[in-house]
Amino acid sequence: MLIKKFFKFYLPWMLALSLLVSFAGVINTFADQPNTKHVFILNSYHQGYAWSDSIMQGVENVFKRADFDIEQYVRYMDMKRFSYSKEYFAKLKESYRADFKNIHLDAILAADNDALDFLRTYRDELFPGVPVIFCGINDYTAAMLDGRSDISGVVEDTEYIDTIKLALSLRPYAKNVFVVVDNSTTGRAHRSAVEKIQSTFSPEIHFEYLSLGDYTLEEMGQKLSELKNDSVVLMLQQFLDKNNVFYSIKKSTSFLTQKSAVPCFVVTESRMGFGPLGGKVISGFHQGVASAEMVLKLMQGEDVSEIPVMIHGSNKYMFDYNAMKRYNVLSSQLPPGSIIISQPVSVWERFKIQIITAALIFILMFINLIVMALEILRRKRLEKVLIKRENEQHQFIAKSPISIAIMTSAGKVEFVNDCCVKTFGYTIEDISTVDEWYLRAYPDERYRQEVMTKWKSFVEVALKEGRDIPRHEYRVTGKDGVMREVKIFGAKIGEKFLIFLEDVSLRKQTEDQLRKTLDELRKSNKDLEQFAYVASHDLQEPIRTVSAYAQLLKDAYQGRPQDVINKYISFISDGARRSHQMITDLLTLSRVGLGTETFGFFDFSIVLERVKDELKGVIQGKEVQITADTLPVVYGDLAQLTQVLQNLIDNGIKFNKQKPPVMHISAKGNSVEWVFAVTDNGIGIAPEYFSKIFDLFQKIHTAKEYPGSGVGLTIVKKIIEHHNGRVWIESVFGQGSTFFFTLPRNRDNNTALI
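In this text the structure is predicted, and so the values were computed from the model without any measurement. (Residues numbered from 1 in each chain as written. Predicted model: local features only at pLDDT ≥ 70, side-chain atom pairs only at ≥ 80, totals over all residues. Heavy atoms only, no water.)

### With respect to the environment of E293
Tracing the sequence through the fold places E293 in helix α9 (residues 284-299). Each C-alpha atom, one on E293 and one on F63, is 8.3 Å from the other, the two residues being 230 residues apart in sequence. (Helix = DSSP H or I, 4+ residues; strand = E, 2+ residues; numbered from the N terminus.)

Right, here's the structure in full:
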């Protein structure tokens, strides 16, 4: 009730008083508005040139504090980029004549020598009777006034002596002054000026001149980096190097002062802020301030003849706070009135208005303190009731059997219940913000970015449209490192979200297991269908052979020679052997994947030795040459992988007409898998049979040409796929074949399929 009274009575009166004061100020401003003054500002150089911009800042600083309006007409002669010529000055004259044809000027401000020279030549023709104030004038002499009393201004007086004295006072052990110039006209003028004042200093002070015209910028930097602690650097001019490469003030000054092992001093403000310690500098800003103040005197009625030329006094001692820290220079060591740039602003200077405003607000608040205190007491009583209810709700959530968290719209996690901690292992200290949850729960950076983008879009829509966060599934990594499939959704409650996390890993695993089992069943059914078909054809063929020759033997026994009987018996034996081989191979094939394997790590060379021993008779009989590279350690079932290599080597020997048959086994690895290759010099296989030879009972040749059941390569394929690998062939018909198969390197990826 008391707060309502404050806003109803006190606040309107305060606003009305503020508006009244503001309105009075506006009336006073309009009442005192004088006539506008017109000032032509002629700059010798170009906009963007640090010196010219600094002068203009000084002029603006003064003009904006004037009690009357000043209309400024600013022109740039661009003499840094255009050489002097009478034709160029004549064009400027005609341009200014057209620009100021109908404008009455109250004063002209000329910045730097070229502007003053132009006005000395053309002022009477273009601007008769208009007083001129100049600034930034080098090599000033009284003759520049042409005997006139309607010209005055500020001289640019370079303080070489005071700057060198300053450097030697701050570095009392310095005996060497290195003067950096270039070979330009200005650079040579600087050197000449310093040479003239050398005698001012003690003979113990040695002066050495370094011209950028004799070095590249990098070479000059190297030179300065080698200076001893008994030296200082006076940096005057460094625009052009020995290759005529032009450098800006910022680039050359920053580079050289950073490289220099000793402090650098300057005489112009334009180089300050780029690394030099300081100096008594010609300040474009203060030149602009001093000349603008003279213009104001003219505007206020003072005659230009009564304003003397300012030859000294516009230069200021200036220092860089960062360079002072670098060379351990204290402010107490500086001349009185020194200007320090880059110095951190005090809290009072930075926030003076805010502090005063805050104090006034504090006073107003104090007046209403008692009223607010009563309101606070009322709210506290209500707050206790709300806290009690909130605690009850938190207890309900904390004991819930579902993982629950509370998150603010700003991304702060305020609460996680016991089930959430138990499931994922993260306490509120681990995931106090959503960003911490992202880092821990999604360690893979690419997946984390995907989740963050999706989740933030859901939150934005929820906040904008007042809806809940829809259910989505994520792969969440717990504190124990275990990855879980989790469905996450959120209910929006005010500016917060109640987040539900449902662990569906077990269900997903069951679904995946069921899917794999179904796939295996489908594959097994396909094999059974093929087997049933083959059994009705291939398995009957050797049985028919046995039956037929047995009958022939019975019918032909009487009166037949012994060799015919032996021949029939061999046919019967061969048919029985082939039936036995088919049944044996089918039995081997059926056992793959029954879960009877023993998986472990072993050297694959053991597999090769076992195969050589198993096929010893064939190898020796056919003089087979088997070579191998260094073979790796793999993870799998030793017996089954031995069966794989034996079938491939036996295949290479069987389908081979070369003498001797040659086999080579090699293996190459990458970060994911080992790729094995078994190469032979056999008869090869045509490309159209590449995809068929691994199918059950698929034989390209007849049993008379090349014996075999047609199951061997099917066994190879099934074992390798059971090890989560792949198998394929590359061959040139008549030139040999290479069988490839892979085994995963990662044990987790090497677990056999169930």
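### Regarding empty space enclosed by the protein
To find leftover empty space, one rolls a probe the size of a water molecule over the atoms. Applying the stated criterion to the full structure yields two cavities of 30 Å³ or more. Around the largest cavity, the lining comprises 17 residues; the ones closest to its centre are M407, W437, W455, I499 and L501. Mapped by element, the contributors of at least two residues to the lining of the largest cavity are β13 (403-408), β14 (413-416), α15 (434-441), α16 (445-465) and β17 (496-503). Across the lining of the largest cavity, the residue classes break down as 17 nonpolar, no polar and no charged. (1 Å grid on protein atoms, 1.4 Å probe; cavity = no way out; pocket = protein on both sides within 12 Å on 5 of 7 lines; lining within 4 Å. Points joined across faces, edges and corners; volume = space filled by probe spheres on them. Nonpolar A, V, L, I, M, F, W, Y, C, P; charged D, E, K, R; others polar.)

### Some points on the layout of surface pockets
Roughly 1,500 Å³ of internal volume is contained in the largest pocket. Looking at the largest pocket, it is lined by 48 residues, and the ones nearest its centre are Y45, K80, N138, T186 and H190. Broken down by secondary-structure element, the contributors of at least two residues to the lining of the largest pocket are α2 (50-63), α4 (113-126), α5 (160-170) and α6 (185-197). Of all the elements, α6 adds the most residues to the lining of the largest pocket, at eight residues.

### Focus on the packing of aromatic side chains
The tally for this structure, following the rule as stated, stands at 27 aromatic pairs. Seen from their ring centres, F239 and F246 are 5.5 Å apart, and the 10° between their planes marks the pair as stacked. With relative accessibility at 58%, the residue F246 sits in the exposed group. A ring pair is formed by Y438 and Y442, whose centres lie 6.4 Å apart and whose planes are at 40°; its orientation type is tilted. The same class applies to Y438 as to Y442, namely buried. An aromatic cluster is defined as three or more aromatic residues linked by ring pairs; in this entry it consists of F40, Y73, Y84, F89, Y96, F100, F118, Y122 and F127. Here R271 stacks its cationic end above the ring of F239, 5.6 Å away from the centre of that ring. Here the basic side chain of R745 rests over the ring of W674, its NZ or CZ set 4.2 Å away from the ring centre. (Phe/Tyr/Trp six-rings, centres within 6.5 Å; stacked < 30°, edge-to-face > 60°. Buried < 20%, exposed > 50% of the residue type's maximum accessible area, 1.4 Å probe, protein only. Lys NZ or Arg CZ within 6 Å of the ring centre and 35° of its normal.)

### Some details on the sheet that holds strand β15 (residues 469-477)
What holds strands together in a sheet is hydrogen bonding between their backbones, with the strands either parallel or antiparallel. The five strands lie next to each other as β14-β13-β17-β16-β15, forming an open sheet whose pairing is antiparallel. Every interior strand has two partners, whereas the edge strands, β14 and β15, have only one. Here the strands of the sheet are splayed against their neighbours by 25° on average, with no regard to which way each runs. Pairing geometry for strand β16 (residues 483-493) and β17, over eight bridges, is antiparallel. From the neighbouring strand, V486 faces β17, where its bridge partner is D503. Relative to β15, α15 is tilted by about 45°, and along the sheet it contacts β13, β14, β15 and β17. Sitting on the sheet, α16 touches β13, β15, β16 and β17, and the angle it makes with β15 is about 160°. (Pairing = 2+ DSSP bridges. Axes fitted to C-alpha atoms, helices over the stretch in contact; angles between N-to-C directions. Contact = heavy atoms within 4.5 Å.)

### Some remarks on the side chain of R171
Counting through the fold element by element, R171 comes out in the loop between α5 and β6 (176-181). Of the side chains with opposite charge, D230 comes closest to the buried, unpaired R171, at an N-O distance of 8.6 Å. Beyond its immediate sequence surroundings of up to four residues, R171 is in contact with N229, V232, V262, P263 and Y327. (Lys, Arg positive; Asp, Glu negative; His and termini not counted. Salt bridge = Lys/Arg side-chain N within 4 Å of Asp/Glu carboxyl O.)

### With respect to helix α8 (residues 249-259)
Those residues of α8 not exposed but buried are I249, S252, T253, L256 and T257. Take α8 and look down its axis: the buried residues cluster within an arc of 110°, on one side only. Opposite its buried face, α8 presents the exposed residues K250, K251 and Q258, each directed more than 90 degrees away. In this structure, the buried residues of α8 make contact with α7 (217-225), β8 (231-235), β9 (264-266) and α10 (321-326). (Arc of directions from axis to C-beta.)

### Notes on the pairing of strand β11 (residues 316-320)
Bridge analysis of strand β10 (residues 278-281) against β11 gives four bridges, and the strand direction is antiparallel. Of the residues in β11, the one forming a bridge with K280 is Y317. Sheet topology note: the β11/strand β12 (residues 339-341) ladder contains three bridges and is parallel. Residue pairing in the sheet places M318 in a bridge with I339 of β12. Considered for its hand, the β-α-β crossover made up of β11, α10 and β12 is right-handed. (Right-handed = clockwise from strand over helix to strand, strands pointing away.)

### Considerations on the nonpolar core
With 59 residues, the main nonpolar core has F40, F63, M77, Y96, F118, F127 and F134 as its most contacted residues. With sequence-adjacent residues up to four places away left out, M77 is seen in contact with L42, N43, S44, Y45, Y88, F89, L92, Y96, D114, A115 and F118. In terms of nonpolar packing, the next biggest core, distinct from the first, is built from 37 residues, V611, I626, F676 and I685 among them. (Core = buried A, V, L, I, M, F, W, Y, C linked by side-chain atoms within 4.5 Å.)

### A look at the pairing of strand β24 (residues 736-744)
Counting buried residues along β24, nine of its nine residues qualify, which places the element largely inside the surrounding structure. Here β24 shows a buried face lined by G736, T738, F740, T742 and P744 and a second buried face lined by S737, F739, F741 and L743. Pairing between strand β22 (residues 673-680) and β24: seven bridges, direction antiparallel. Paired with E673 across the strands is P744, a residue of β24. When strand β23 (residues 727-732) meets β24, the two strands line up antiparallel, connected through six bridges. Bridge pairing links S731 to S737 in β24. The antiparallel hairpin formed by β23 and β24 contains three residues in its connecting segment, where G734 sits at a positive phi of about 90°.

### Considerations on the packing of α5 against α6
For the pair α5 and α6, the least separation of the axes is 10 Å and the interaxial angle reads 70°. Taken together, the axes of α5 and α6 lie roughly perpendicular to each other. Remark: the crossing between α5 and α6 carries right-handed chirality. Along the contact surface, α5 presents Y160, I161 and I164, while α6 presents H190, A193, V194 and I197. (Parallel < 35°, antiparallel > 145°, perpendicular 65-115°, else oblique. Left-handed = near helix turned anticlockwise from the far one by under 90°.)

### Points about the confidence of the model for the chain
Averaged over the chain, the pLDDT score is 82; the fraction of residues at 70 or greater is 81%. Mean pLDDT values over the elements of the chain span from 48, in helix α1 (residues 2-31), up to 96, in β9. Below pLDDT 50 for its whole length, residues 17-33 participates in one contact with residues either more than four positions away or in separate chains. Low pLDDT, under 50, characterises residues 701-706; the predicted model gives this stretch nine contacts beyond four residues in sequence or across chains. (pLDDT = per-residue confidence, 0-100.)

### Some words on the pattern of salt bridges
Under the defined criterion, the tally for this structure stands at 25 salt bridges. In this structure, the salt-bridge partner of K93 is E94, at a minimum N-O distance of 3.5 Å. Residue K93 is classed as buried on the basis of its relative accessible area of 14%. For E94, a relative accessible area of 40% puts it in the partly exposed group. Note that D146 and R120 form a salt bridge whose closest N and O atoms lie 2.8 Å from each other. Taken together, the residues D146 in the loop between β4 (132-137) and β5 (151-155) and R120 in helix α4 connect sequence positions 26 residues apart. Judged by relative accessible area, D146 falls into the partly exposed class, the value being 39%.

### Things to note about the packing of helix α3 (residues 86-99) against α4
How two helices sit against one another is set out by the angle between their axes and by the gap between those axes. In the contact formed by α3 and α4, the axes pass within 11 Å of each other and the chain directions differ by 55°. It follows that α3 is oblique to α4 by the angle criterion. Along this stretch, α3 crosses α4, giving a crossing that reads as right-handed. Contact residues: F89, A90, L92, K93, Y96 and R97 in α3; D114, F118, Y122, E125 and L126 in α4.

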